[in-house]
Amino acid sequence: MGADDRASFREGLRLGLPFAVASFLLSMSFGVVARETGFGVLAAVAMSVLVFAGSAQFAAVAVLAAGGGAGAAVAAGTLMNSRFLPMGIALAPSLPGRAWWRGLQGLAVVDSSWALAARGDGTFDRWRLFGTTAPQLVAWYLGTVVGAFGGELIGDLDRFGLDAVYPAFFLAVLLPELRDRDRRGVAVVGGLLALALVPVAPPGVPVLAAGLAALWGLRRRETS
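Residues numbered from 1 in each chain as written. Predicted model: local features only at pLDDT ≥ 70, side-chain atom pairs only at ≥ 80, totals over all residues. Heavy atoms only, no water.

A. Local environment of the overall build of the protein. The helix and strand inventory of the protein stands at 11 helices and zero strands. Tracing the protein from N to C terminus, the helices and strands come up as α-α-α-α-α-α-α-α-α-α-α. Of the contacts formed within the protein by residues at least 6 apart in sequence, a portion of 69% connects residues at least 24 apart. Of the accessible surface of the protein, which amounts to about 12400 Å², a share of 68% is contributed by carbon and sulfur atoms. (Helix = DSSP H or I, 4+ residues; strand = E, 2+ residues; numbered from the N terminus. Contact = heavy atoms within 4.5 Å. Areas by Shrake-Rupley, 256 points an atom, 1.4 Å probe, with all protein chains shown as cover.)

Below, the structure written as structure tokens:
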């Protein structure tokens, strides 16, 4: 790692700290909800360690809480994480090494780190991405442990207003993209698609449909 890489990593750590706070609160609520659904402490923590994807974890737990089977829960989580496919395709050329090594590096992608690592020219700063993800990873694990072990002490989560954390989290990711006119249009179209489908579509489908807006934006960019 050279001096520039170390500087990018440190910058990523700084940028990731506010998102780490949100990650801690969200994962703490996940730990509580998972326990209420019937997960054991170790199962809840293991899910956060192995999956590390808040929306997918909440979708899977919601399906199980509603009486769905493991297959339906996995399908819901997979649909929620489908957004990482186009994100990974965009990131891959900026990662060095063979395909398996790029795949391992791609495991560090979360929504905020991917957005903050983008240079604006179609390339990504991988060390800033790693740095942004690192504090969020630690916070996600710690929050799950706190929620899973201390859920009874925490009590009713609704009184903390944690349901507002997720919208605020993704809004913070989205705002920098609104500075560019083309990206602004893609963001608005994707957001409207998701909002329209949330009341009627299964978990994950609104996210997948919103991702189609990115393909529309890519086509506009290539033809302009």
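B. Structural context of the nonpolar core. One finds Phe30, Ala34, Phe39, Ala44, Met47 and Ala148 to be the most contacted residues of the largest nonpolar core, which totals 18 residues. Of all the elements in the fold, those that place two or more residues in this core are helix 1 (3-37), helix 2 (41-51), helix 3 (54-65) and helix 4 (70-80). For this core, the leading source of residues is helix 3, giving six residues. If sequence neighbours within four positions are ignored, Ala44 has contacts with Phe30, Ala34, Phe39, Thr144 and Ala148. Judged by nonpolar contacts, the second largest core, of 10 residues, contains Leu91, Ala108, Trp127 and Leu129. (Core = buried A, V, L, I, M, F, W, Y, C linked by side-chain atoms within 4.5 Å. Buried < 20%, exposed > 50% of the residue type's maximum accessible area, 1.4 Å probe, protein only.)

C. Molecular detail of helix 3. With 12 residues, helix 3 ought to run about 16 Å at 1.5 Å a step, and its terminal C-alpha atoms sit 16 Å apart, in line with that. For helix 3, the tally of buried residues reaches nine of 12 residues, placing the bulk of the element in the interior. Along helix 3, the residues that are buried comprise Gly54, Ser55, Ala56, Gln57, Phe58, Ala59, Ala60, Val61 and Val63. (Expected span 1.5 Å × (residues − 1).)

D. Quick peek at the packing of aromatic side chains. Using the criterion set out here, one finds six aromatic pairs in the structure. An aromatic cluster of three or more residues is present, and its members are Phe9, Trp127 and Phe130. (Phe/Tyr/Trp six-rings, centres within 6.5 Å; stacked < 30°, edge-to-face > 60°.)

E. Structural detail: the pattern of salt bridges. By the definition in use, this model includes one salt bridge. Between Arg128 and Glu11 there is a salt bridge; the shortest N-O distance is 3.5 Å. Of the two residues, Arg128 is situated in helix 8 (residues 126-154) and Glu11 in helix 1; the sequence distance between them amounts to 117 residues. (Salt bridge = Lys/Arg side-chain N within 4 Å of Asp/Glu carboxyl O.)

F. Layout of a nonpolar patch on the surface. On the surface, Trp100, Trp101, Leu104 and Leu107 cluster together into a nonpolar patch covering about 490 Å² of accessible area. Here Leu107 shows up in the loop between helix 6 (99-106) and helix 7 (111-117). You can call Leu107 exposed: its relative accessible area is 62%. (Patch = residues over 30% accessible without salt bridge, like charges linked within 9 Å, V, L, I, M, F, W, Y side chains within 5 Å.)

G. Quick look at the packing of helix 1 against helix 2. Taken N-terminus to C-terminus, the directions of helix 1 and helix 2 make an angle of 135°; their axes are 9 Å apart at the nearest point. Relative to helix 2, the element helix 1 lies oblique. Here the hand of the crossing between helix 1 and helix 2 comes out right-handed. Residues Phe30, Ala34 and Arg35 of helix 1 touch helix 2, and the partners they reach there are Val41, Ala44, Met47 and Ser48. Grouping the amino acids of the contact of helix 1 with helix 2 by side-chain chemistry returns five nonpolar, one polar and one charged. (Axes fitted to C-alpha atoms, helices over the stretch in contact; angles between N-to-C directions. Parallel < 35°, antiparallel > 145°, perpendicular 65-115°, else oblique. Left-handed = near helix turned anticlockwise from the far one by under 90°. Nonpolar A, V, L, I, M, F, W, Y, C, P; charged D, E, K, R; others polar.)

H. Structural detail: unusual backbone geometry. With phi around 50°, Phe52 is a residue other than glycine that occupies positive phi space. Position of Phe52 among the secondary structure elements: in the loop between helix 2 and helix 3. With a relative accessible area of 16%, Phe52 lands in the buried category.

I. Structural view of the side chain of Ser94. Within the fold, Ser94 resides in the loop between helix 5 (84-91) and helix 6. Residue Ser94 is classed as buried on the basis of its relative accessible area, which comes to 18%. Within the local environment of Ser94, its side chain forms a polar contact with the backbone nitrogen of Phe124, the two atoms lying 3.0 Å apart. Once you skip the residues sitting within four places of it in the chain, Ser94 turns out to touch Thr123, Phe124 and Arg126. (Polar contact = N/O pair within 3.5 Å; in protein donor to acceptor, adjacent residues only side chain to side chain.)

J. Structural detail: the packing of helix 1 against helix 3. Where helix 1 contacts helix 3, the two axes come as close as 10 Å, and the packing angle between them is 20°. Taken together, the axes of helix 1 and helix 3 lie roughly parallel to each other. Relative to helix 3, helix 1 is oriented so that their crossing is left-handed. For the pair formed by helix 1 and helix 3, the contact residues are Leu26, Ser29, Phe30, Val33, Ala34 and Thr37 on the first element and Gln57, Phe58, Val61, Leu64 and Ala65 on the second. The residue makeup of the contact of helix 1 with helix 3, split by class, is eight nonpolar, three polar and no charged.

Keep in mind these numbers describe shape, not what the thing actually does.
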